[in-house]
Structure formats: structure tokens, C-alpha cells
Amino acid sequence: MKLKNNTVFDCSVIDMSKVHSISGNITVIENKKNIPFDIKRIYYLYDIPGGEKRGGHAHKELHQLIVAASGSFKVMLDDGTNKKIIHLNRPNYGLLVVPGIWRELLEFSSGAICLVLASLNYNESDYIRIYDEFKLKKFEK
Ligand code: TYD
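A closer look at a nonpolar patch on the surface
Phase 1 of the analysis: On the surface, a nonpolar cluster with roughly 430 Å² of combined accessible area is contributed by Ile-42, Tyr-44, Tyr-46 and Ile-113.
Phase 2 of the analysis: Here Tyr-44 shows up in strand S4 (residues 41-45).

The following block contains the structure:
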């Protein structure tokens with residue numbers, strides 16, 4: 001089945017804002033308030049060895065918000081035509097990734113935590129893990 005024809009320009013960085021106090025900050029993410037999908041699943045990547053890459057796949061239906069909860073990393077987005085690299089390094093900013101976009105996460109700082117909020121439960125059949133298959137499905141007639 002053809003992949004959603006979303007582009008990298010449909011992916012955006014949102015500012016979730018923060019409640020600041022001299023004793024520290026709080027950032028809140030709440031369904032239908034500052035995130036455009038209902039959160040079904042949360043996972044986080046941590047203990048990522050230096051130089052390692054993650055991702056390397058696209059999703060058919062899944063919407064995600066990717067947050068550098070600690071440290072920093074880059075996200076490379078690719079819609080089969082355009083590429084965009086986003087540097088995440090503040091816990092109050094999140095990258096919204098729509099379905100049909102190939103993504104790679106790279107250049108993790110030491111101790112980085114990548115928090116991912118997802119619109120669906122885990123389902124391996126929602127993944128496309130082979131780049132050539134991604135290109136074929138993206139441009140299918
Ligand atoms: P994957 O999504 O490929 O990780 P990343 O995009 O960070 O490189 O998932 C890696 C493995 O973890 C894969 O074998 C499936 C498993 N996994 C789950 O079981 N449930 C989940 O919610 C996620 C995100 C991954």
C-alpha cells in the first residue's frame with residue numbers, strides 16, 4: 001500500500017513551554033492541549049554508545065513527538081525527495097514526526113535521553129525498515 005505523501009515540511013518543532021522556578025523547570029505534554037495526537041505509548045532511548053545511530057525506518061500510520069529529555073542529538077528526516085536535519089537539545093522542544101517519513105537519529109551526546117511519545121501501540125507491521133522499499137511505497141502510483 002502507498003505510504004502517506006507527507007513531506008519533511010509537515011514535521012515541525014514545537015515549544016511545549018515550561019513552568020520555571022528557581023528550583024527547576026517543569027514541561028507538561030497533555031493530550032489535545034499542546035500535542036496534536038492522543039498519546040498511546042511512551043518510550044525512551046538511553047545508554048546510547050558514542051557514534052551510534054538509531055531509527056533507520058519509516059512508519060505507515062504512527063505520529064511521534066521526539067524530545068531530547070536530557071542531552072542532545074540530531075534527527076535526519078527524509079520524505080524521499082527532501083531531507084531535513086533537526087538538532088534537539090532542549091527538553092521543552094519536541095519534534096513532531098508525521099507518518100511516511102524516513103528518520104535517523106544520530107550524534108547523541110553522552111548521557112542523552114531520547115523521549116518518544118507515540119500515537120499508537122507498538123506494531124512491527126507499521127514499520128518500513130528497508131530504504132528502497134520506503135522509496136517504492138512513497139512513490140507508488
Ligand atoms: P526500533 O523502533 O527499531 O528502535 P529505534 O528506532 O530506536 O532504533 O526498536 C528497536 C527494538 O525494540 C525492536 O526490536 C522492537 C523493540 N520495541 C518494542 O518492543 N516496543 C516498542 O515500543 C519499541 C519502540 C521498540
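There's plenty left to go through after this.
Quick word on the sheet that holds strand S10 (residues 102-106)
Phase 1 of the analysis: With antiparallel pairing, the 5 strands of this open sheet are ordered in space as S8-S7-S10-S5-S12. Of all the strands in the sheet, just strand S8 (83-88) and strand S12 (127-128) have a single pairing partner and so form its edges.
Phase 2 of the analysis: For strand S5 (residues 54-59) and S10, the ladder comprises 3 bridges, and the chain directions are antiparallel. When the sheet's bridge partners are listed, His-57 is paired in S10 with Arg-103.

A look at the nonpolar core
Phase 1 of the analysis: Grouped together as the largest cluster of nonpolar side chains are 20 residues, with contacts concentrated most on Ile-66, Phe-73, Leu-77, Leu-88, Leu-95, Leu-105 and Cys-114.
Phase 2 of the analysis: Secondary-structure elements contributing two or more residues to this core are strand S6 (64-70), strand S7 (73-78), S8, strand S9 (93-97) and strand S11 (113-118).
Phase 3 of the analysis: With 3 residues, S7 is the single largest residue contributor to this core.
Phase 4 of the analysis: What Leu-77 contacts, discounting residues up to four positions off in sequence, is Val-8, Cys-11, Asn-82, Lys-83, Lys-84, Ile-86, Leu-95, Val-97, Ile-101, Trp-102 and Arg-103.
Phase 5 of the analysis: Counting 8 residues, the second largest nonpolar core, distinct from the first, contains Ile-35, Phe-37, Leu-65 and Val-67.

What counts as what
- Residues numbered from 1 in each chain as written.
- Predicted model: local features only at pLDDT ≥ 70, side-chain atom pairs only at ≥ 80, totals over all residues.
- Heavy atoms only, no water.
- Patch = residues over 30% accessible without salt bridge, like charges linked within 9 Å, V, L, I, M, F, W, Y side chains within 5 Å.
- Areas by Shrake-Rupley, 256 points an atom, 1.4 Å probe, with all protein chains shown as cover.
- Salt bridge = Lys/Arg side-chain N within 4 Å of Asp/Glu carboxyl O.
- Helix = DSSP H or I, 4+ residues; strand = E, 2+ residues; numbered from the N terminus.
- Pairing = 2+ DSSP bridges.
- Core = buried A, V, L, I, M, F, W, Y, C linked by side-chain atoms within 4.5 Å.
- Buried < 20%, exposed > 50% of the residue type's maximum accessible area, 1.4 Å probe, protein only.
- Contact = heavy atoms within 4.5 Å.

Everything listed here is a matter of coordinates, which is why it stays silent on function.
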